[in-house]
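One letter stands for each residue in the lines below.
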Amino acid sequence: MATEIERKFLVAGDGWRDHVRASARFEQGYLCGEGPASVRVRVEDTRANLNVKAAVIGTARAEYEYPIPLTEAREMLASLCVAPPVIKTRHWVDHDGHTWEIDVFEGENAPLVVAEIELNAADETFARPDWLGDEVSDDRRYYNHALSFEPYGRWRG
């Protein structure tokens, strides 16, 4: 089984912007609302994937990803999603031996900015960049699936 070990944090400040090594625009939609898995279609610039993740909260969960034709992904986004797609720009930033994925959300999820780090083990140590804010790995509201159904702009305080 493929397992993703990932921690998720809010971003505090723009210090990361000077260290971006790559960026891509994502549009992703979900093909089901509830159940044991989240099934999403994602367009990342000029490529597309179908992704299945265990619908659990926390740092480790099963994940499977398969490339699909871009035209089919766009059709699915337009006609099969059960909630509006999440649109964001992902930036990749290297810091002290790890790559951080920083998502800057658009639309109803703006001005949310979230940083994620993928790890090889749940207890792996990593250096915290100075722009890293509070950890939200265990807060369901910050998962993309949840943001599709209940956007950040509707509940942020």
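Thresholds applied
- Residues numbered from 1 in each chain as written.
- Predicted model: local features only at pLDDT ≥ 70, side-chain atom pairs only at ≥ 80, totals over all residues.
- Heavy atoms only, no water.
- Helix = DSSP H or I, 4+ residues; strand = E, 2+ residues; numbered from the N terminus.
- Buried < 20%, exposed > 50% of the residue type's maximum accessible area, 1.4 Å probe, protein only.
- Core = buried A, V, L, I, M, F, W, Y, C linked by side-chain atoms within 4.5 Å.
- Contact = heavy atoms within 4.5 Å.
- Salt bridge = Lys/Arg side-chain N within 4 Å of Asp/Glu carboxyl O.
- Arc of directions from axis to C-beta.
- UniProt positions renumbered as here; feature names shortened; annotations may be inferred.
- Phe/Tyr/Trp six-rings, centres within 6.5 Å; stacked < 30°, edge-to-face > 60°.

As annotated in an unreviewed UniProt entry, the protein chain carries the name Adenylate cyclase and comes from Salinisphaera orenii YIM 95161.

Points about unusual backbone geometry
For the bond from Ala110 to Pro111, the omega torsion is 5 degrees, close enough to zero to count as cis. With phi around 55 degrees, Asp45 is a residue other than glycine that occupies positive phi space. Among the secondary structure elements, Asp45 is positioned in the loop between strand E3 (37-44) and strand E4 (47-54). Phi at Asp96 takes a positive value of approximately 50 degrees, unusual for a residue other than glycine. By the element assignment, Asp96 lies in the loop between strand E6 (86-95) and strand E7 (98-105). Relative accessible area serves as the criterion here: at 60%, Asp96 is assigned to the exposed category.

Section: the environment of Tyr64
Here Tyr64 lies in strand E5 (residues 60-68). Since its relative accessible area comes to 31%, Tyr64 is described here as partly exposed. The sequence separation of Tyr64 and Glu4 amounts to 60 residues, and the corresponding C-alpha distance is 9.1 Å.

Side note on the nonpolar core
Formed by 15 residues in total, the largest nonpolar core has its most connected members in Val11, Trp16, Trp100, Ile102, Ala115 and Trp131. Setting aside anything within four residues of it in sequence, one finds Val11 in contact with Trp16, Ile102, Val113, Val114, Ala115, Trp131 and Gly133. In terms of nonpolar packing, the next biggest core, distinct from the first, is built from nine residues, Phe105, Val114, Leu147 and Trp155 among them.

Brief notes about the pattern of salt bridges
Under the defined criterion, the tally for this structure stands at 16 salt bridges. Between Arg25 and Glu106 there is a salt bridge, with the nearest N and O atoms lying 3.1 Å from each other. Placement of the pair is Arg25 in strand E2 (residues 20-30) and Glu106 in the loop between E7 and strand E8 (113-118), with a sequence separation of 81 residues. The exposure class assigned to Glu106 is partly exposed, which follows from its relative accessible area of 30%. We note a salt bridge from Arg40 to Glu65, for which the minimum N-O separation is 3.9 Å. On the criterion of sequence distance, the pair formed by Arg40 in strand E3 and Glu65 in strand E5 is long-range, its members being 25 residues apart. Each of Lys8, Lys88, Arg90, Glu101, Asp103 and Glu116 takes part in a single network of salt bridges with overlapping partners.

A short note on helix H1 (residues 70-79)
Every buried residue belonging to H1 is among Ala73, Met76 and Leu77, and all of these are buried. Projected onto a plane normal to the axis of H1, the buried residues spread over an arc of 100 degrees and lie on a single side. When the buried face of H1 is taken as reference, the exposed residues oriented beyond 90 degrees from it are Thr71, Glu75, Ala78 and Ser79. Where the residues of H1 are buried, they touch E2, E3, E4 and E5.

Digging into the UniProt feature "domain: CYTH" (unreviewed entry) in the protein chain
Following the UniProt record, the feature "domain: CYTH" (unreviewed entry) maps to residues 2-149 here. Taken end to end, residues 2-149 is 11% helix and 49% strand, and its first and last C-alpha atoms sit 26 Å apart.

A few points about the packing of aromatic side chains
How two aromatic rings sit relative to each other is given by the distance of their centres and the angle of their planes. By the definition in use, this model includes eight aromatic pairs. Ring centres 6.0 Å apart and planes at 70 degrees place the aromatic pair Phe9 and Phe126 in the edge-to-face group. Placement of Phe9 in strand E1 (residues 3-11) and of Phe126 in the loop between E8 and strand E9 (132-135) is noted, with a sequence separation of 117 residues between them. Taken individually, Phe9 and Phe126 each receive the classification buried, so the pair is uniform in this respect. Residues Tyr152 and Trp155 carry aromatic rings whose centres are separated by 5.1 Å and whose planes lie at 90 degrees to one another, so their mutual orientation is edge-to-face. Note that Tyr152 and Trp155 are positioned in helix H3 (residues 152-155) at a spacing of three residues, about one turn of the helix. Among the residues examined, Tyr152 registers a relative accessible area of 15% and is labelled buried.

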